[in-house]
Amino acid sequence: MTAVDETMENPEIQRDDETAPTLVVENLKTHFFTRIGAVKAVDDVSFSVKTGEILGLAGESGSGKSITGFSILGLIDPPGRVVSGAIRFKGEDLVTATPERLQDLRGNRIAMIFQDPMMTLNPVLRIDTQMIEAIQAHRKMDKKAARQRAYDALEMTGIPSPGERLNAYPHQLSGGMRQRVAIAIAFLNEPDLIIADEPTTALDVTIQAQILHEAQALCKRTGTAMIWITHDLAVVAGLADRIAVMYAGRIVETGVTDDVIDKPLHPYSVGLLGSVPSANKRGERLNQIPGMTPNLIGLPPGCAFKARCPRASDQCDATPEVSELLPGRKIRCHHPHFEEAAQ
Amino acid sequence: MTEQASSSVPLIEIQGVSKRFVKRLDFAGKLARRLGAGLEEETVHAVDGVDLSIAQGEVVGLVGESGCGKSTLGRMVAGIMPPSDGAVLYKGRDIASLSGDDKLEATFAVQMIFQDPFSSLNPRMRVEDIVGEAPVVHGLVSGNGKSDYVDEILTKVGLDPALKRRYPHQFSGGQRQRIGIARALAVKPKFLVCDEAIAALDVSIQAQVINLFMDLREEFDLTYLFISHDLSVVEHISERVVIMYLGRVVEAAQAEALFAAPNHPYARALLSEVPRLDQRKRDFQPIKGEIPSPLDPPPGCHFHPRCPQAFEACSSARPMLKTIAPDRISACHLND
Amino acid sequence: MSTEATPNLAGADGAAQAAPELAETGAVVETPFKRFVSEFFESRVAMGALFTLVAIIVAAILAPLITPQDPYDLGQVDIMDGRLPPGSEAFAEYTMVLGSDGAGRDLYSAILYGLRISLAVGITSGLIAIAIGMSVGLLAAYVGGRVEAIIMRIVDLQLSFPAALVALMLVALLGKGIDKIILALVVAQWAYYARTVRGSALVERSKEYVEAAASLGLSHARIMFRHILPNCLAPLIVVGTIQTAHAIALEATLSFLGVGLPQTEPSLGVLIANGFEYMLSGKYWISVFPGLALLITIVSINLVGDQLRDVLNPRLKR
């Protein structure tokens, strides 16, 4: 219990310190040991998120973006395992933390928003019951105060008539409403870090815009750091401060959003951005990336993108190391689009 | 010669098509109503009086959010679902009135590409049977010619014919979507209804499939109805765009004109709220409110509860589609 | 789950979501059949049960070759051999390892011949019931509307009577004989299959591949039997296995009650019934050995069925 009390006070101290990142992930490796071989779902991933910052973690299916999120929360179940690396949350290593400690952090200091809000919501309990439980699980607060806090959190997400929603069951709400409730629950205990795993993918465009708007505003207001996992670069282009692009378990490129979108360095980012229709002229062929996302089982050594890469050479048989070519731009490539970016 | 004759007749014409789904009361429900429970049959107006004509060779984009009826409309065009009211015409003739060879011709002519690359392929059939079954059954090719025919079609959609003995689960999402396209192409269609055909695919694979659609259009002179919620894809591929909201068409125009200056407030909202790569760190200013349930749509203009410019007339009278510019229609009281 | 309030963290669910992403990348290397086989044999109990079941079936088929006596041939049965304890020497100079029954039949031979009848009755009635139930259930799911309502009400009606009661009434009406008992078992069982197939066919019918087949102009019969049916087989196999065990037990029950098979063609149920009157006089073997044979058969079929259900049901997948 003492550990809990410490962290309850810590945030205030830490938040003043702008330079210390909320989360630092170093050389994280999460592998799944299946019957047909080991899957290196996350392979040597490093990144950090600062207070109030939104990091967009972009990648296609199988790139390991969601597994990275689950690893941070300690939610990897066998046959998966964090093999090596460090996940430092405000200086505390989560890889070596006890399950009890992780349990205490989750929903309190670190919260998660899933693609399907029903992962968060219990279908047989009223919204207020769930929200009050979520508060009381982590702090001493009487029921009335907790309910008021739940009301405030719902109001923050811009949900119409929050009082009515509190008395509703999840099935009485629309998909967008449910996701808003899930977001309110994530923000309930004013966490230091929120991991959002494609929370708007299943929603309609106008509803997605509302959710993005509210998530962005909440992060700025509360100073919560956020990792927004998505397959849609266009979503993070408008939302994130920085972007990390993942491919086959590795982060291939990191940088400030504008830099990555306007001047991508890694051939994969270049290809991905080139294949987005809105960036092209109507009716013309898109610049497609040939081939398909590789099978992570028995992935050959070297750069995982080499089979699809127009710039690949024999050098790519060796795994490229992370290099910081420009300030704040880290990339993993032997042949980056450096000349184009420099212009 | 038929080409010239048919040039004035649209390839596909939808005339006042509506689709209602009625959830009928079962025996227990009827009994409960008899006893005084306030149970009513629920009717969803999924599609409400839509007119649309599509000329040979055209690519029409159909856009809207969930519940707008775009998939239902697509299924009625593809002949999978009969309309409750109205008619779907193929080359000027009502599909429902056709029989025999004419009916088969219309059936083959309009094929559908589905959203889900997993549930749209029969998991227990080999690729060669998925693609080759219908042509053999209908005598387009002989049983002996099936293998070569399947090879030819698979090559056209960019799949290695050597893989045709495999089952769908042995392919990736993008490859499965190609199998679905090959299945449709195998009956030599004229018109493809693509219902969110790339929505379930990875970004880098989406581009491949869009390119494939464009290549096939050129090679087989195909006409498309491209249904999607993704405006950037629709903008890229379509010549004409139709926007639907809660079962009704709210605006239709040439793609360029519509994307440059949307007329209907819903079209404006939709266009401005699509995330785009070239809009950075923007302050999202979304339109308010939920999409109403199609079970109980708002009276008058369906969009009025969310519309920033709504006035009295909007909640009482349904705005009709009006020609507001050449080749451009919109249903909004602001145009009166 | 419910007490551990903090709902936004549900650990198990979280990792469950992680799985699909892996599945996407891990393009399946093994065929479904190979995976099925290897998953089936992950359980030692199921492996043992399958082995036992195969041994029982083989023994039943080979019965005439591996038994010293044909218990149906009255010429080979000597009344003087009646009620001999296990290990006794028969008049025809062979050892009755399991003893003999009241009529002088060698129990070992009688059990194997009885198994033949029990298995044959169980499997034949199962196959016929499957064929009927499958077609009816498929039709109900595909056609829907009034046809479905009528079919399913009949099924409900049928299922609201205990199967044993239905079979008992029918046999009482029809009389003894193998064909009659098979008919009774079919009537008692088809509804289970109809309901199973209708359930899974309803799910399949709503999938897009069925819509695709329809838009390709394929006939209804072809869509039903070539497209939908093969995808409904997994639950059917599971229910079929377990229902077969039920059918065997039901036949034994009817025969035990004396309304099933005639004395001249003794199934396991008849053998148990025959020995029942001697139980209290210490001649336990006449009832106990056929009973054990029945028990082992039914338990091993059920164990195999349970494992099939675990392997074939995607929702129970780890």
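Refer to the structure printed above.
None of the values given here were measured: they were computed from a predicted structure.

Participant: I would appreciate a short explanation of the overall build of chain B in the present structure.
Facilitator: What chain B contains, in helices and strands, is 12 helices and 12 strands. For chain B, the C-alpha radius of gyration of 22 Å lies close to 20 Å, the compact-globule estimate for 336 residues. The 336 residues of chain B split such that 54% are buried. The long-range share in chain B, meaning contacts at least 24 apart out of those at least 6 apart in sequence, stands at 67%.

Participant: Mind showing me how you'd approach the pairing of strand β3 (residues 59-63) of chain B here?
Facilitator: Every other side chain in a regular strand lies on the same face of the sheet, so the side chains alternate between the two faces. Residue and element names in this part refer to chain B. In terms of residue burial, β3 counts as a mostly covered element, since 5 of its 5 residues are buried. Burial along β3 is two-sided: the face carrying V59, G61 and V63 and the face carrying V60 and L62 are both buried. Of the pairings in the sheet, the one linking β3 to strand β8 (residues 223-228) comprises 5 bridges and is parallel in character. Within the sheet, the bridge partner assigned to V60 lies in β8 and is L225.

Participant: Which parts of the structure should I look at to understand the layout of surface pockets?
Facilitator: Rolled over the atoms, a probe as big as a water molecule pinpoints where empty space is left. Taken as a whole, the second largest pocket spans an internal volume of roughly 950 Å³. Lining the second largest pocket are 31 residues; nearest its centre among them are B:G79, B:I80, B:M81, B:P82 and C:A214. For the lining of the second largest pocket, the secondary-structure elements that each account for two or more residues are β4 (85-90) and α4 (100-109) of chain B together with α9 (208-215) and α10 (220-228) of chain C. When its residues are assigned to classes, the lining of the second largest pocket shows 19 nonpolar, 8 polar and 4 charged.

Participant: Looking at this structure, how should I read a positive patch on the surface?
Facilitator: Together, B:K30, B:R33, B:R34 and C:R146 make up a region of like positive charge exposed at the surface. A per-element tally of the positive patch places helix α2 (residues 27-34) of chain B first, with 3 residues.

Participant: Looking at this model, I keep getting lost on the interface of chain A and chain B. Mind explaining?
Facilitator: As a measure of interface size, the accessible area lost when the parts come together is often cited. Each partner contributes residues to the interface: chain A has 50 residues there, and chain B has 42 residues. Buried area between chain A and chain B, summed over both chains or domains, comes out near 3,900 Å², and the portion from carbon and sulfur atoms is 54%. Summed over the three residues of chain A that lose the most area to chain B, namely A:V205, A:T206 and A:R282, the buried surface amounts to 18% of that side. Put simply, chain A and chain B have 1 salt bridge between them. A salt bridge links A:R285 to B:D215; the shortest N-O distance between them is 2.6 Å. Our count for the contact surface shared by chain A and chain B stands at 8 residue pairs in polar contact (both at pLDDT 80 or more). Elements that contribute at least two residues to the side of chain A that touches chain B include exactly α7 (175-187), α8 (205-222), α9 (233-239), α10 (257-262) and α11 (267-274) of chain A. The element that contributes the greatest number of residues to the side of chain A that touches chain B is α8(A), accounting for 10 residues. Classifying every residue of the side of chain A that touches chain B gives 20 nonpolar, 18 polar and 12 charged.

Participant: Just checking my understanding: could you explain the pairing of β8(B) for this structure?
Facilitator: All names here are of chain B. A large share of β8 lies buried, amounting to 6 of its 6 residues. Where burial is concerned, the two faces of β8 agree: the one with T223, L225 and I227 and the one with Y224, F226 and S228 are both buried. Across 5 bridges, strand β7 (residues 191-195) lies against β8 in parallel orientation. Paired with F191 across the bridge in β8 is T223. Between the parallel pair β7 and β8, the chain is carried across by helix α8 (residues 203-220), and the sense of this crossover is right-handed.

Participant: What exactly am I supposed to notice about helix α6 (residues 146-156) of chain B here?
Facilitator: Three or four residues apart is the spacing at which side chains of an α-helix point the same way, because the helix has 3.6 residues per turn. When we look at burial in α6(B), the residues that qualify are B:K146, B:Y149, B:V150, B:I153 and B:L154. One side of α6(B) holds all its buried residues, which, seen down the axis, span an arc of 130°.

Participant: Explain the sheet that holds strand β1 (residues 23-34) of chain A to me, please; I cannot follow it from the model alone.
Facilitator: Strand pairs in the sheet, formed through backbone hydrogen bonds, run parallel or antiparallel to each other. Residues and elements named next belong to chain A. Taken together, the 4 strands give an open sheet; going across it, the order is β2-β1-β4-β5, and neighbouring strands pair in antiparallel fashion. Single-partner strands in this sheet number two, and they are β2 (37-49) and β5 (92-93). Both β1 and strand β4 (residues 80-89) contribute to a ladder of 8 bridges, which runs antiparallel. Paired with V24 across the bridge in β4 is R88. Each of β1, β2 and β4 touches helix α2 (residues 65-72); the most contacted strand, β1, lies at about 110° to it.

Participant: Explain the nonpolar core to me, please; I cannot follow it from the model alone.
Facilitator: Most often, soluble globular proteins keep nonpolar side chains buried together rather than apart. If you look at the biggest cluster of nonpolar residues, it comprises 105 residues, and the most contacted ones within it are A:L23, A:F47, A:I72, A:I227 and A:W228. Ranked by residues supplied to this core, first place goes to α8(A) with 7 residues. Ignoring anything within four residues of it in the chain, the contact list for A:L23 reads A:F47, A:S48, A:V49, A:I72, A:I87, A:R88, A:F89, A:L193 and A:I227. Membership of the second largest hydrophobic core comes to 47 residues, among which are C:I130, C:M152, C:L229 and C:V270.

Participant: In this structure, what is going on with the sheet that holds strand β2 (residues 42-54) of chain B? I would like to understand it.
Facilitator: Residues and elements named next belong to chain B. One open sheet accounts for 4 strands, arranged β2-β1-β4-β5; its pairing is antiparallel. In this open sheet, the two strands that pair with only one neighbour each are β2 and β5 (93-94). Strand contacts of helix α3 (residues 70-77): β1 (12-23), β2 and β4, with the helix running at about 120° to β1, the strand carrying the most contacts.

Participant: Honestly, the pattern of salt bridges in this entry has me stumped. Any pointers?
Facilitator: Pairing is possible between side chains of opposite charge, provided their charged atoms come close. Scanning all chains against the criterion turns up 40 salt bridges over all chains. When the shortest N-O distance is used, the salt bridge between A:R250 and A:D43 registers 3.2 Å. Of this pair, A:R250 sits in strand β10 (residues 250-256) while A:D43 sits in strand β2, placing them 207 residues apart in sequence. One network of salt bridges, in which partners are shared, links B:R75, B:D195, C:E208 and C:E211.

Participant: Looking at this structure, I do not really get the packing of aromatic side chains. What am I missing?
Facilitator: Aromatic ring pairs: the centre-centre distance and the angle between the two ring planes describe each pair. Per the stated rule, a full pass over the model turns up 14 aromatic pairs over all chains. Look at A:Y247 and A:Y268: their rings are 4.4 Å apart centre to centre, the planes differ by 50°, and that puts the pair in the tilted class. Taken together, the residues span a long stretch of sequence, with A:Y247 in strand β9 (residues 242-247) and A:Y268 in helix α11 at a distance of 21 residues. Each member of the pair, A:Y247 as well as A:Y268, carries the same accessibility label: buried. Relative to B:Y224, the ring of B:F213 has its centre 5.6 Å away and its plane inclined at 80°; by these criteria the two rings are edge-to-face. Taken together, the residues B:F213 in helix α8 and B:Y224 in strand β8 connect sequence positions 11 residues apart. Looking at B:F213, the relative accessible area reads 0%, which means it is buried. By relative accessible area, B:Y224 is classed as buried at 1%.

Participant: Any chance you could explain the interface of chain C and chain B here in plain terms?
Facilitator: In this assembly, 18 residues from chain C lie in contact with 26 residues from chain B. Taking both sides of the interface into account, the surface hidden between chain C and chain B amounts to around 2,000 Å²; carbon and sulfur atoms contribute 54%. If you sort the residues of chain C by the area they bury against chain B, C:E208, C:S215 and C:L216 come out on top, with a joint share of 32%. Connecting chain C to chain B are 3 salt bridges.

Participant: Would you take a moment to explain α11(A) for this structure?
Facilitator: A large share of α11(A) lies buried, amounting to 7 of its 8 residues. Among all positions in α11(A), only A:P267, A:Y268, A:S269, A:G271, A:L272, A:L273 and A:G274 are buried. Next to the buried residues of α11(A) lie α9, β9, β10 and α10 of chain A together with α8 of chain B.

Rules and cut-offs
Residues numbered from 1 in each chain as written. Chains lettered and ligands numbered in written order. Predicted model: local features only at pLDDT ≥ 70, side-chain atom pairs only at ≥ 80, totals over all residues. Heavy atoms only, no water. Helix = DSSP H or I, 4+ residues; strand = E, 2+ residues; numbered from the N terminus. Rg over C-alpha atoms; globule rule 2.2 N^0.38 Å. Buried < 20%, exposed > 50% of the residue type's maximum accessible area, 1.4 Å probe, protein only. Contact = heavy atoms within 4.5 Å. Pairing = 2+ DSSP bridges. 1 Å grid on protein atoms, 1.4 Å probe; cavity = no way out; pocket = protein on both sides within 12 Å on 5 of 7 lines; lining within 4 Å. Points joined across faces, edges and corners; volume = space filled by probe spheres on them. Nonpolar A, V, L, I, M, F, W, Y, C, P; charged D, E, K, R; others polar. Patch = residues over 30% accessible without salt bridge, like charges linked within 9 Å, V, L, I, M, F, W, Y side chains within 5 Å. Areas by Shrake-Rupley, 256 points an atom, 1.4 Å probe, with all protein chains shown as cover. Salt bridge = Lys/Arg side-chain N within 4 Å of Asp/Glu carboxyl O. Lys, Arg positive; Asp, Glu negative; His and termini not counted. Charge placed at Lys NZ, Arg CZ, Asp CG, Glu CD. Buried area = accessible area lost by both parts, 1.4 Å probe. Polar contact = N/O pair within 3.5 Å; in protein donor to acceptor, adjacent residues only side chain to side chain. Right-handed = clockwise from strand over helix to strand, strands pointing away. Arc of directions from axis to C-beta. Axes fitted to C-alpha atoms, helices over the stretch in contact; angles between N-to-C directions. Core = buried A, V, L, I, M, F, W, Y, C linked by side-chain atoms within 4.5 Å. Phe/Tyr/Trp six-rings, centres within 6.5 Å; stacked < 30°, edge-to-face > 60°.

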